[in-house]
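Now for the letters of each chain:
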There are 2 protein chains.
Amino acid sequence: MARAATTSDPFNAVAEPRRRQILTFLAGDERQVSEIVVAIGLDQPSVSKHLGVLRRVGLVRVRRNGRHRLYRTNAEAIRPMHEWTATFERFWRHQLDRVKERAERAQAGIGGSGQR
Amino acid sequence: MARAATTSDPFNAVAEPRRRQILTFLAGDERQVSEIVVAIGLDQPSVSKHLGVLRRVGLVRVRRNGRHRLYRTNAEAIRPMHEWTATFERFWRHQLDRVKERAERAQAGIGGSGQR
DNA sequence: TTGACATATTCCTATATAGGAATGTAATGT
DNA sequence: ACATTACATTCCTATATAGGAATATGTCAA
């Protein structure tokens with residue numbers, strides 16, 4: 001089997017760095033495609049294709065205005081990823097505590113466990 | 001250009017649902033590969049390959065114990081993703097506020113803006 | 001209608017999988 | 001040494017890009 005489609009879910013869509021850039025750029029205000037092209041530094045067709053992927057998974061919303069299309073990040077769609085990563089928060093806090101403890105033991109001259 | 005390697009960064013590594021499952025499973029305790037195989041329901045070689053990807057991007061740590069290898073999630077490596085998604089938190093709060101406002105206006109019988 | 005502008009879509013190709021099958025390798029018991 | 005257990009790695013194939021080039025579509029202006 002090949003890798004899952006970039007349009008299968010937000011996790012796959014944001015795996016591409018350019019798309020993360022675009023989402024950041026579109027987080028605050030609506031922008032037209034030509035502005036995104038300038039900001040990201042990719043050619044227009046590539047930007048449109050990335051926007052297509054982001055739109056299919058609901059990470060951006062579009063609105064037409066004359067010949068322009070105004071895109072904006074749909075932050076709500078990022079929330080599930082935030083929540084998934086949040087489930088690990090208590091674990092990285094624990095890890096930091098263990099590092100701190102180890103440093104304190106070293107300070108006290110007790111010596112390390114030697115676990116590589 | 002093809003898609004970036006799954007080993008290029010954590011974002012690409014967690015795009016695969018099975019790898020997210022594995023990270024969740026390994027978040028609390030060390031587990032040996034055979035336990036992961038049972039828990040995830042994939043065959044052993046596939047699990048080993050996923051673990052290899054996760055290891056290369058630093059999302060898991062391994063330790064040998066006799067013939068077993070004990071894997072554990074390295075939560076610290078998930079933190080950058082948590083922080084990236086967190087930059088959108090204020091925007092989804094705004095969105096929720098706007099939805100709420102709209103609902104309140106509708107309740108008051110003022111009517112919507114009609115913006116589709 | 002014709003032209004210009006803004007954006008989307010199609011075609012093409014090199015690349016990177018994900019999983020299945022088969023095999024390689026390290027550690028332990030006898 | 002040999003069988004066994006526990007994993008990792010290699011080989012194979014169908015699939016899905018990402019970007020570049022070219023083209024199509026949609027909108028407004030005269």
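Heads up: the structure comes first, above all this text.
Because the structure is a prediction, the values reported are computed rather than measured.

What counts, and at which threshold
Along each chain, residue indices are assigned from 1 in the same order as the chain's sequence is written. Working convention: letters from A go to chains and numbers from 1 go to ligands, in the order in which they are written. In keeping with the model being predicted, local features are shown solely for residues with a pLDDT of at least 70 and side-chain atom pairs are shown and tallied solely at 80 or more, while totals for entire chains, interfaces and linings include all residues. Only heavy atoms go into the side-chain values, all of them from the structure, while hydrogens and water stay out. Only runs of H or I of at least four residues qualify as helices and only runs of E of at least two qualify as strands under DSSP, and these elements are numbered from the N terminus. Throughout, a residue-residue contact means that at least one pair of heavy atoms, one from each residue, lies within 4.5 Å. Residue burial considers only the protein chains on display, and all accessible areas are found by Shrake-Rupley using a 1.4 Å probe. A pair of strands counts as paired when DSSP detects no fewer than two bridges linking them. To form a nonpolar core, buried Ala, Val, Leu, Ile, Met, Phe, Trp, Tyr and Cys residues must be joined to one another through side-chain atoms within 4.5 Å. Buried means the residue's accessible area, taken with a 1.4 Å probe over protein chains only, is under 20% of the maximum for its type, while exposed means over 50%, and partly exposed covers the values in between. A quick way to say it: buried area is the sum, across both parts, of accessible area lost when two parts are put together, with a 1.4 Å probe. Salt-bridge detection follows one rule: a side-chain nitrogen of Lys or Arg within 4 Å of a carboxyl oxygen of Asp or Glu. By the criterion applied in these results, polar contacts are pairs of N or O atoms within 3.5 Å in which, for protein atoms, one can donate a hydrogen and the other can accept it, and in which residues neighboring in sequence qualify only through two side-chain atoms. All amino acids are sorted into three groups, where Ala, Val, Leu, Ile, Met, Phe, Trp, Tyr, Cys and Pro are nonpolar, Asp, Glu, Lys and Arg are charged, and the leftover types, Gly among them, are polar. Each residue is tested against the molecule or strand, and it is near if at least one of its non-hydrogen atoms lies within 4 Å. Least-squares superposition of the copies uses the C-alpha atoms of those residues scoring a pLDDT of at least 70 in each of them. Convention adopted: a line fitted to C-alpha atoms gives each axis, helices being fitted over their contacting stretch, and angles between N-to-C directions are expressed from 0 to 180 degrees. Here roughly perpendicular refers to angles of 65 to 115 degrees, roughly parallel to angles under 35, roughly antiparallel to angles over 145, and oblique to all remaining angles.

1. As for the overall build of chain A
The number of helices and strands found in chain A is 6 helices and 3 strands. Walking chain A from its N terminus toward its C terminus, one meets helices and strands in the order α-α-β-α-α-β-β-α-α. Excluding contacts between residues fewer than 6 apart, the proportion of contacts in chain A whose partners are at least 24 apart in sequence is 49%. Working note: accessible area of chain A is about 7100 Å², and carbon and sulfur atoms make up 48% of it.

2. A few points about the pairing of strand 3 (residues 68-73) of chain A
All names here are of chain A. Of the pairings in the sheet, the one linking strand 1 (residues 31-32) to strand 3 comprises 2 bridges and is antiparallel in character. Residue pairing in the sheet places glutamine 32 in a bridge with leucine 70 of strand 3. For strand 2 (residues 60-65) and strand 3, the ladder comprises 6 bridges, and the chain directions are antiparallel. Of the residues in strand 3, the one forming a bridge with arginine 63 is leucine 70.

3. Notes on the nonpolar core
Membership of the largest hydrophobic core comes to 56 residues, with the highest contact counts inside it found for Leu59 and Phe88 of chain A together with Leu59 and Phe88 of chain B. Ignoring any residue separated from it by four or fewer positions in sequence, one finds phenylalanine 88 of chain B in contact with Leu23, Thr24, Ala27, Thr73, Ala75 and Ile78 of chain A.

4. Description of the interface of chain A and chain B
With 35 residues of chain A in contact, the opposing surface of chain B contributes 35 residues. Contact with chain B buries area across many residues of chain A, yet Arg3, His82 and Trp92 of chain A alone supply 21% of it, more than any other trio. Here chain A and chain B share 0 salt bridges between them. In this structure, the connection of chain A to chain B is made through 6 residue pairs in polar contact (both at pLDDT 80 or more). At the level of elements, helix 1 (10-13), helix 2 (17-25), strand 3, helix 5 (79-86) and helix 6 (89-107) of chain A are the ones that each hand at least two residues to the side of chain A that touches chain B. Here the side of chain A that touches chain B is composed, by residue class, of 16 nonpolar, 10 polar and 9 charged.

5. Brief notes about the protein's contact with DNA strand D
Neighbouring DNA strand D are 29 residues; Asp43 and His50 of chain A together with Met1, Ser48 and Tyr71 of chain B lie closest to it. Restricting the count to atoms of DNA strand D within 4 Å of the protein gives a sugar and phosphate share of 66%. Contact between DNA strand D and serine 34 of chain B: a phosphate oxygen at 3.0 Å from a main-chain N or O atom of the residue. Within the side chain of arginine 67 of chain B, a nitrogen or oxygen atom sits 3.1 Å from a sugar or linking oxygen of DNA strand D. When residues of the surface near DNA strand D are traced back to their parent elements, those giving at least two are helix 2 and helix 4 (44-56) of chain A together with helix 3 (33-40), helix 4 (44-56) and strand 3 (68-73) of chain B. Residues of the surface near DNA strand D, tallied by class, amount to 8 nonpolar, 9 polar and 12 charged.

6. So, the relation of the copies chain A and chain B
Expressed as a screw transformation, the operator carrying chain A onto chain B has a rotation angle of 180° and an axial translation of 0.0 Å, and the superposed copies differ by an RMSD of 0.0 Å. The operation mapping one copy onto its partner corresponds to a two-fold rotation axis. Relative to the rotation axis, the C-alpha of histidine 82 of chain A is the closest in chain A, positioned 2.8 Å from it. Counting the interface residues of chain A, we find that 100% of their copies in chain B are interface residues as well, pointing to one common contact surface.

7. Describing the packing of helix 3 of chain B against helix 4 of chain B
Residues and elements named next belong to chain B. For the pair helix 3 and helix 4, the least separation of the axes is 9 Å and the interaxial angle reads 110°. Taken as axis vectors, helix 3 and helix 4 run roughly perpendicular relative to one another. Here Val33, Ile36 and Val37 of helix 3 come into contact with helix 4, specifically with Gln44, Val47, Ser48 and Leu51.

8. Focus on the pattern of salt bridges
Residues and elements named next belong to chain A. Counted by the stated rule, this structure contains 12 salt bridges over all chains. The residue glutamate 83 makes a salt bridge to arginine 79 at a minimum N-O spacing of 3.4 Å. In this pair, glutamate 83 and arginine 79 both sit in helix 5, 4 residues apart, roughly one turn of the helix. Look at glutamate 83 and you get partly exposed, because its relative accessible area is 44%. The partly exposed category is assigned to arginine 79, whose relative accessible area is 27%.

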